[in-house]
Amino acid sequence: VFKQIGNRQVDYVTLTFGGNDVGFEGIVKKLMINYGSNGLLYRLPDYLDINGLSKRLNDTWDRFGKETKYHLRDAYVDVRMAAGAEAEIIVAGYPKLFEENLYGDELWKEKAGIVNANVSRFNRALREIVASCQRSGMKIHFVSVEEAFEGHGAYAQESYINGLMATQFEDLDDWKRPPISSYSIHPNEEGAQAYAACVQECIDKIEEEKAQRGQENEEKDFADNPLATEEEMAANALHYKAFSLKP
């Protein structure tokens, strides 16, 4: 991507990744499906028992602490090097994936709750990595999307996340592809709009802060200028008085 941009300045880079690296995708899909001998897919929420699900997640966090969090930080640094030091990097978090209250199914509620709690934990870990990068001088920001997706998880009445989807087979070569669509448990069109709104809110805040810093720097330079005449000072004072930022 950055090679295609060439010498043009990059203002913002928005990214979301890490979930597949820690293995959430495999855990979620195994929670949702089982393979029959005939290759068909069956929704089977109780495929993993609670203990099995917890063990898989514990293994995931063990790997995260030893490897994945360092890989993520290195990736952010690589993006910063490629985009340039002035680029603002926005790391968007993950939504809670599932609607927990479905059909009065207590077992599903427990499992979905475990998955969602771990998504929140992962978001907190991402926020900490971003904060560490900020302390080293990177222009990087974390954006939470959990509130925007609240009540709109997969299988909700107004879902922002696709449920489990089978691959659409259109020709013989398609049968070589995995039977589960890569769009499964990913944001749908409404979810993409929710993501975009959260990111735009962050960009608006960054731009407002930049404008405010620019105004403060101009006022400081003007105040420190001993060559300014009284007429210049009065004219500039009127200029700054008229200048205002959006609330």
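About the cut-offs
- Residues numbered from 1 in each chain as written.
- Predicted model: local features only at pLDDT ≥ 70, side-chain atom pairs only at ≥ 80, totals over all residues.
- Heavy atoms only, no water.
- Helix = DSSP H or I, 4+ residues; strand = E, 2+ residues; numbered from the N terminus.
- Contact = heavy atoms within 4.5 Å.
- Patch = residues over 30% accessible without salt bridge, like charges linked within 9 Å, V, L, I, M, F, W, Y side chains within 5 Å.
- Areas by Shrake-Rupley, 256 points an atom, 1.4 Å probe, with all protein chains shown as cover.
- Salt bridge = Lys/Arg side-chain N within 4 Å of Asp/Glu carboxyl O.
- Lys, Arg positive; Asp, Glu negative; His and termini not counted.
- Charge placed at Lys NZ, Arg CZ, Asp CG, Glu CD.
- Buried < 20%, exposed > 50% of the residue type's maximum accessible area, 1.4 Å probe, protein only.
- Core = buried A, V, L, I, M, F, W, Y, C linked by side-chain atoms within 4.5 Å.
- Pairing = 2+ DSSP bridges.
- Axes fitted to C-alpha atoms, helices over the stretch in contact; angles between N-to-C directions.

By the element assignment, Asn116 lies in helix α4 (residues 106-135). Setting aside its immediate chain neighbours within four residues, Asn116 contacts Lys96, Leu97, Phe98 and Glu100.

This part covers a negative patch on the surface. The grouping of Glu201, Asp204, Glu208 and Glu209 at the surface amounts to a negative patch. Mapped onto the fold, Glu209 is located in helix α6 (residues 189-223). Judged by its relative accessible area of 35%, Glu209 falls in the partly exposed class.

Right, let's talk about the pattern of salt bridges for a bit. All chains considered together, the criterion is met by 5 salt bridges. The salt bridge partner of Asp59 is Lys55, with a shortest N-O separation of 3.2 Å. Of this pair, Asp59 and Lys55 both sit in helix α3 (residues 50-83), 4 residues apart, which is roughly one turn of the helix. In this structure Asp59 comes out as partly exposed when scored by relative accessible area, which is 36%.

What follows deals with the nonpolar core. Core analysis: the biggest nonpolar cluster contains 52 residues, and Tyr76 and Phe98 have the highest contact counts within it. Sorting the residues of this core by element identifies β1 (12-15), α2 (24-32), α3, β4 (88-92), α4, β5 (140-143) and α6 as the ones contributing at least two each. The element best represented in this core is α4, accounting for 11 residues.

Attention shifts here to the pairing of β1. Going residue by residue along β1, you find Val13 and Leu15 tucked away on one face and Tyr12 and Thr14 left uncovered on the opposite face. Summarising the sheet, β1 and β4 pair through 4 bridges and their orientation is parallel. By the bridge assignment for β4, Val13 is matched with Ile89.

Spatial ordering of the open sheet is given by β1-β4-β5, a layout of 3 strands whose pairing is parallel. Of all the strands in the sheet, just β1 and β5 have a single pairing partner and so form its edges. If you compare each strand with its neighbour and ignore which way they point, the axes differ by 20 degrees on average. Alignment of β4 against β5, held across 4 bridges, turns out to be parallel. Within β5, the position partnered with Ala92 by the bridge is Val143.

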